[in-house]
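Per-entry structural report
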Amino acid sequence: MLTNHRHQEIMATLHGAGRVDVAKIAAELGVSEETIRRDMKLLETQGLLRRIYGGAVPPRLDQDRPLLERGKLNSREKARVAQLAQPLVLDGMSLFIDSGTTTLALARSLAGRNITVTTNSINVALALGGGATRVSLTPGALRSKDNALVGYETVAYARRFFFDIAFMGISAVDIDHGWMDYEEHESVLRRTLKTQARKAVLLVDSRKFGRQANLYTFGLNEALTVVTDKRPPPAFMEVFTRYDIDLITSPAQR
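Conventions adopted
- Residues numbered from 1 in each chain as written.
- Predicted model: local features only at pLDDT ≥ 70, side-chain atom pairs only at ≥ 80, totals over all residues.
- Heavy atoms only, no water.
- Phe/Tyr/Trp six-rings, centres within 6.5 Å; stacked < 30°, edge-to-face > 60°.
- Helix = DSSP H or I, 4+ residues; strand = E, 2+ residues; numbered from the N terminus.
- Buried < 20%, exposed > 50% of the residue type's maximum accessible area, 1.4 Å probe, protein only.
- Pairing = 2+ DSSP bridges.
- Axes fitted to C-alpha atoms, helices over the stretch in contact; angles between N-to-C directions.
- Salt bridge = Lys/Arg side-chain N within 4 Å of Asp/Glu carboxyl O.

Here the focus is the packing of aromatic side chains. Applying the stated criterion to the full structure yields seven aromatic pairs. Between the aromatic rings of F96 and F163, the centroid separation amounts to 5.5 Å while the plane-to-plane angle is 75 degrees, which identifies the pairing as edge-to-face. Of the two residues, F96 is situated in strand β4 (residues 94-97) and F163 in strand β9 (residues 163-168); the sequence distance between them amounts to 67 residues. Each ring, one from F209 and one from F236, has its centre 5.2 Å from the other, and the planes form 70 degrees; the classification is edge-to-face. Note that F209 is positioned in the loop between β12 (197-204) and β13 (215-218) and F236 in helix α10 (residues 234-242), a separation of 27 residues in sequence. According to the relative accessible area criterion, F209 is buried, its value standing at 9%. Put simply, the rings of F96, Y157, F161 and F163 touch in pairs and so form one group of aromatic residues.

What follows is the structure, given as structure tokens:
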């Protein structure tokens, strides 16, 4: 049986029953339990399920993975998103780059450019430091899992400035619930940045489509520029086309 078909059957069972039993689905699909375990391990790395003894359950919607763990996932897709976003940045621009692994990939690609960057990410600041790039860190409480500065002071500081572009990550995008995040700090900051920038840009690796987090951040109809490594699924494309969302993706994927 083709791998993709097995994955579809595993996810269909998970969504329908809320749990997948290794032995049961292996028998239904006519494959070994070891094959199913390998499938589940791969699906877990994509954030689609959480393995438990004897099977799998849906991923938790109320927390994200630590930065170091997330940084190992989908690194090729994130690098492609950063590459596609680079042409938006012109010398002399003022940018806000928020925390996240895809925004960090963009920051690394912009190091040394003649730009001014404000960020709430210590990792982004360190990646950009030096050369002609001018970097400012927001105030805020340190979130140790990803070296981000968060909280009321972070949002209040962002409201004091106006940026040419705000580059933002996002945790998930669901066709019914829109652009979603795991923490209130991130969600509030991103909504603030959208109002404080001439262009609000979401950097989205393609595996975020069809996933859920637990906090609503933006509606799919909101005026945003979306940069992703490949064409979103048809249901999302229909919405983006209807609301004239500015989509940037690989030429072959448009």
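Strand order in this open sheet of three strands is β10-β11-β13, and the pairing throughout is antiparallel. Of all strands in the sheet, those with a lone pairing partner are β10 (172-174) and β13, marking the two edges. When strand polarity is set aside, the average angle formed by the axes of neighbouring strands in this sheet is 45 degrees. In the sheet, strand β11 (residues 178-181) pairs with β13 via three bridges, with the strands oriented antiparallel. Across the sheet, the residue bridging to W179 is F218, located in β13.

What follows concerns the pairing of β4. By the bridge criterion, four bridges tie β4 to strand β5 (residues 116-119) in an arrangement that is parallel. Along β5, the bridge assignment pairs S94 with T116. With three bridges joining them, β4 and β9 adopt parallel strand pairing. Bridging across to β9, L95 finds its partner in I165.

This model, assessed by the stated rule, comprises 15 salt bridges. Put simply, D91 and R113 hold a salt bridge, and the shortest N to O gap is 3.3 Å. Of this pair, D91 sits in the loop between α5 (75-85) and β4 while R113 sits in the loop between α6 (101-110) and β5, placing them 22 residues apart in sequence. A relative accessible area of 54% means that D91 is categorised as exposed. The exposure class assigned to R113 is partly exposed, which follows from its relative accessible area of 23%. For K145, the salt bridge identified is with E183, shortest N-O distance 3.0 Å. Placement of K145 in the loop between β7 (141-143) and β8 (148-150) and of E183 in the loop between β11 and α9 (184-195) is noted, with a sequence separation of 38 residues between them. Of the residues examined, K145 reaches a relative accessible area of 30% and is grouped as partly exposed.

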